[in-house]
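Now for the letters of each chain:
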Amino acid sequence: MKNWFFEKAIPNLRIEETTKLAIKIKKKIFSGRSKYQKIEIIDTYPLGRILVLDGIIQLSQVDEFIYHEMITHLPLLYYPNPKKVLIIGGGDGGTLRETLKHPIKEVYLVEIDKKVIDISKKYLPFVSKNVFRERRVKIFIGDGLKFIKNYKNFFDVIIIDSTDPIGPSVSLFSKKFYQEVYRALNKNGIMITQSGTLFAQFSQVKKIFNNLKTVFPFVKIHLATIPAYGEGEFSFTVGSKKVNLERINPAVIKNIYKKINLKTKYYSPEIHFSSAILPKYLEEKLK
Ligand code: SAM
């Protein structure tokens, strides 16, 4: 069908095993290749501009705020007064934008593909909003696993904003990588990773959850519906070294949110807690 975008099958699944969105294209804005992946920017009728890497949608103009607010504010509010943050991946700049809303000292971003940063700055300026230039930001071009090995007890929060496990990001889903994340975090450290959609990628959600549980004493899944990813709810998985994620006082999160005057469109202290309530069938399947 002409002028429709069909997303490729997600990693480890055949196209027959899943459902897909068909998105009507307004205009193809950019298509090119980097050393690591195919990069496309497409303007669509229902979702505005979308960023597509190797055939898979990474973000859409209309709902990127849901993904970026959740992956950023959950860990940054779980952690009391974070100062040093690391983002792995995140070349579009959305997670960086949200991180800089906090009174942090510095944020490191390590992205393997410089071209994603350049293309995003040029064609998706509404995502990064010039934050790459902010003085608290340090950008590194390289592999997240290699980078993190150089740090021990250093970061308060680590955010893994990577592509799904294909190509260069496969290593970012390994137990070995989570052990390095644990080491790189300080003693109260918190991490979060995007963990895929519940319907089509459940085996991945479960694997991430179980792998993280072998490394971190406290692990929790949060959910959000992000239309551009289709297939129902999307998951984020949090790992914590010391903060007991089950025993957080809602009043504490509310107070920090107010104190730092966080401006959000999706995330709220109430969503912080409601997003962690899993349906019964899912609790069962995770056992
Ligand atoms: N919102 C997203 C999604 O749909 O999953 C993530 C988007 S973000 C653009 C993902 C980034 O992770 C990509 O730009 C990709 O180049 C980067 N990435 C993949 N593997 C990486 C690695 N090993 N180290 C650092 N960055 C990596």
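Higher on the page you've got the structure.
Residues numbered from 1 in each chain as written. Predicted model: local features only at pLDDT ≥ 70, side-chain atom pairs only at ≥ 80, totals over all residues. Heavy atoms only, no water.

## Some thoughts on the environment of Ser-203
Thinking step 1. Assignment of secondary structure puts Ser-203 in helix α7 (residues 202-215).
Thinking step 2. As for Ser-203 and Val-127, which are separated by 76 residues in sequence, their C-alpha atoms are 30 Å apart. (Helix = DSSP H or I, 4+ residues; strand = E, 2+ residues; numbered from the N terminus.)

## Things to note about unusual backbone geometry
Thinking step 1. Residue Lys-129 is not a glycine yet carries a positive backbone phi of 45°.
Thinking step 2. Along the polypeptide, Lys-129 turns up in the loop between α4 (125-128) and β8 (137-141).
Thinking step 3. Its identity as a non-glycine residue notwithstanding, Asn-261 has a phi of 55°, on the positive side.
Thinking step 4. Following the sequence through the fold, Asn-261 ends up in the loop between α8 (250-259) and α9 (269-274).

## Quick word on the site of the ligand
Thinking step 1. The ligand sits among 24 residues. The nearest are Gln-37, Glu-111, Asp-143, Gly-144 and Pro-168.
Thinking step 2. Gln-37 has a polar side-chain atom sitting 2.9 Å from an oxygen atom of the ligand.
Thinking step 3. Gln-194 is positioned with one of its side-chain polar atoms (N or O) 3.0 Å from an oxygen atom of the ligand.
Thinking step 4. Contact with the protein chains hides 99% of the accessible area of the ligand, taken as 600 Å² for the molecule alone.
Thinking step 5. If you list the elements that add at least two residues to the shell around the ligand, you get β5 (56-60) and β7 (106-111).
Thinking step 6. Tallied by class, residues from the shell around the ligand come to nine nonpolar, 10 polar and five charged. (Near = heavy atom within 4 Å. Polar contact = N/O pair within 3.5 Å; in protein donor to acceptor, adjacent residues only side chain to side chain. Areas by Shrake-Rupley, 256 points an atom, 1.4 Å probe, with all protein chains shown as cover. Nonpolar A, V, L, I, M, F, W, Y, C, P; charged D, E, K, R; others polar.)

## Quick word on the sheet that holds β7
Thinking step 1. On the basis of which strands lie adjacent, the open sheet formed by seven strands has the order β8-β7-β6-β9-β10-β12-β11 and mixed pairing. Each edge of the sheet is formed by a strand with only one pairing partner; in this case those strands are β8 and β11 (218-225). Each adjacent strand pair in this sheet contributes to an overall mean axis angle of 15°, direction not counted.
Thinking step 2. Strand direction decides the pairing type here: strand β9 (residues 155-161) and strand β10 (residues 185-197), joined by five bridges, are parallel. Bridged to Ile-158 within β10 is Met-191.
Thinking step 3. Where helix α6 (residues 175-184) meets the sheet, its contacts fall on β6 (84-89), β9 and β10, and the angle it forms with β10 comes to roughly 145°.
Thinking step 4. On top of the sheet, α7 reaches β10, β11 and β12 (233-240); it is set at about 170° to β10, its chief contact. (Pairing = 2+ DSSP bridges. Axes fitted to C-alpha atoms, helices over the stretch in contact; angles between N-to-C directions. Contact = heavy atoms within 4.5 Å.)

## Overview of helix α3 (residues 114-123)
Residues that lie three or four places apart on an α-helix share one face, since the helix turns once every 3.6 residues.
Thinking step 1. If you check which residues of α3 are buried, you get Val-116, Ile-117, Ile-119, Ser-120 and Tyr-123.
Thinking step 2. Elements in contact with the buried residues of α3: β2 (22-33), β3 (38-44), β4 (48-53), β7, α4 and β8. (Buried < 20%, exposed > 50% of the residue type's maximum accessible area, 1.4 Å probe, protein only.)

## Thoughts on the sheet that holds β3
Thinking step 1. Pairing is antiparallel in the open sheet, where five strands are placed in the order β1-β2-β3-β4-β5. The sheet is open, and its two borders are formed by β1 (4-6) and β5, each paired with just one other strand. For this sheet the average axis-to-axis angle between neighbouring strands, irrespective of direction, equals 40°.
Thinking step 2. Relative to β3, β2 is paired through seven bridges, and the arrangement is antiparallel. Within β3, the position partnered with Lys-28 by the bridge is Ile-42.

## Looking at the packing of aromatic side chains
Thinking step 1. A complete count under the given rule lists 18 aromatic pairs for this structure.
Thinking step 2. Ring centres 5.6 Å apart and planes at 50° place the aromatic pair Tyr-67 and Phe-236 in the tilted group. Here Phe-236 lies in strand β12 and Tyr-67 lies in helix α1 (residues 64-78), a separation of 169 residues in the sequence. By the burial criterion, Tyr-67 is buried, and Phe-236 matches it.
Thinking step 3. Where Phe-177 meets Tyr-178, the ring centres are 6.0 Å apart and the plane angle is 50°; that geometry is what we call tilted.
Thinking step 4. Put simply, the rings of Tyr-108, Phe-140, Phe-147, Tyr-151, Phe-154 and Phe-155 pair up and form one aromatic cluster.
Thinking step 5. Taking the ring centre of Phe-202 as reference, the NZ or CZ of Lys-285 above it sits at 4.3 Å. (Phe/Tyr/Trp six-rings, centres within 6.5 Å; stacked < 30°, edge-to-face > 60°. Lys NZ or Arg CZ within 6 Å of the ring centre and 35° of its normal.)

## Let's talk about the nonpolar core
Thinking step 1. Ranked by size, the top nonpolar core spans 38 residues in total, and within it Leu-96, Val-107, Ile-226 and Phe-236 carry the most contacts.
Thinking step 2. Only α1, β6, β7, β9, β10, β12 and α8 provide two or more residues apiece to this core.
Thinking step 3. Counting residues per element, this core draws most heavily on α1, at nine residues.
Thinking step 4. When sequence neighbours within four positions are dropped, the list of residues in contact with Leu-96 reads Ile-87, Val-107, Leu-109, Val-131, Phe-132, Val-137 and Ile-139.
Thinking step 5. Ranked by size, the runner-up nonpolar core spans 33 residues in total, among them Leu-145, Phe-155, Val-205 and Phe-216. (Core = buried A, V, L, I, M, F, W, Y, C linked by side-chain atoms within 4.5 Å.)

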